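Examining the three-dimensional arrangement
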Amino acid sequence: MTTFIRVLAEKGILKNSVALSSWVSDHHEMLAHLYNEELDHFYSQLTAAMQTAHVDMTNKQQVDAFTNQYLRAHPQQGAAVFTKKQTGRPSFQSRRHHNRY
């Protein structure tokens with residue numbers, strides 16, 4: 001990411017590269033653990049279902065209503081994604097608590 005920022009700055013596309021690079025450096029740990037494969041799969045399925053149902057993705061009320069309906073229709077899938085314990089790395093909450101001391 002820092003290489004991308006540097007290249008954009010060198011091309012004159014990005015004016016605040018120093019501040020942005022600093023932010024990326026300060027938030028490296030969170031950014032490194034941002035991706036969650038289970039959530040990505042769940043949201044891909046949810047998005048595909050919305051497209052099949054012709055939900056207007058720009059309409060927050062339609063998206064919210066469909067998401068609630070989808071979660072009620074697929075309770076095991078939603079529960080598995082949102083209650084799964086992550087192995088191999090501490091949760092964001094526990095990392096945040098640990099980093100305080």
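Residues numbered from 1 in each chain as written. Predicted model: local features only at pLDDT ≥ 70, side-chain atom pairs only at ≥ 80, totals over all residues. Heavy atoms only, no water.

**Regarding the packing of helix α1 (residues 2–10) against helix α2 (residues 17–26)**
Think of two packed helices as two axes; the pair is described by the angle between the axes and how far apart they sit. The contact between α1 and α2 brings their axes to 10 Å, and the two run at 180 degrees. When the axis of α1 is compared with that of α2, the two are roughly antiparallel. Contacts between α1 and α2 involve Thr2, Ile5 and Ala9 from the former and Ser17, Leu20, Ser21 and Val24 from the latter. (Axes fitted to C-alpha atoms, helices over the stretch in contact; angles between N-to-C directions. Helix = DSSP H or I, 4+ residues; strand = E, 2+ residues; numbered from the N terminus. Parallel < 35°, antiparallel > 145°, perpendicular 65-115°, else oblique. Contact = heavy atoms within 4.5 Å.)

**Some details on the confidence of the model for the protein chain**
Looking at the protein chain, pLDDT values average 81 and 82% of them are 70 or higher. Helix α7 (residues 92–99) is the least confidently modelled element of the protein chain, averaging 43 in pLDDT, while helix α5 (residues 60–73) averages 93, the highest of any element. Across residues 85–101, where pLDDT falls below 50, the model places 8 contacts with residues more than four positions away in sequence or in other chains. (pLDDT = per-residue confidence, 0-100.)

**Observations concerning the nonpolar core**
One finds Phe42, Leu46, Ala49, Met50, Val55, Val63, Phe66, Tyr70 and Val81 forming the largest nonpolar core, which totals 9 residues. If you list the elements that add at least two residues to this core, you get α4 (37–52) and α5. Discounting chain neighbours no more than four positions away, the residues touching valine 63 are Met50, Val55, Asp56 and Met57. (Core = buried A, V, L, I, M, F, W, Y, C linked by side-chain atoms within 4.5 Å. Buried < 20%, exposed > 50% of the residue type's maximum accessible area, 1.4 Å probe, protein only.)

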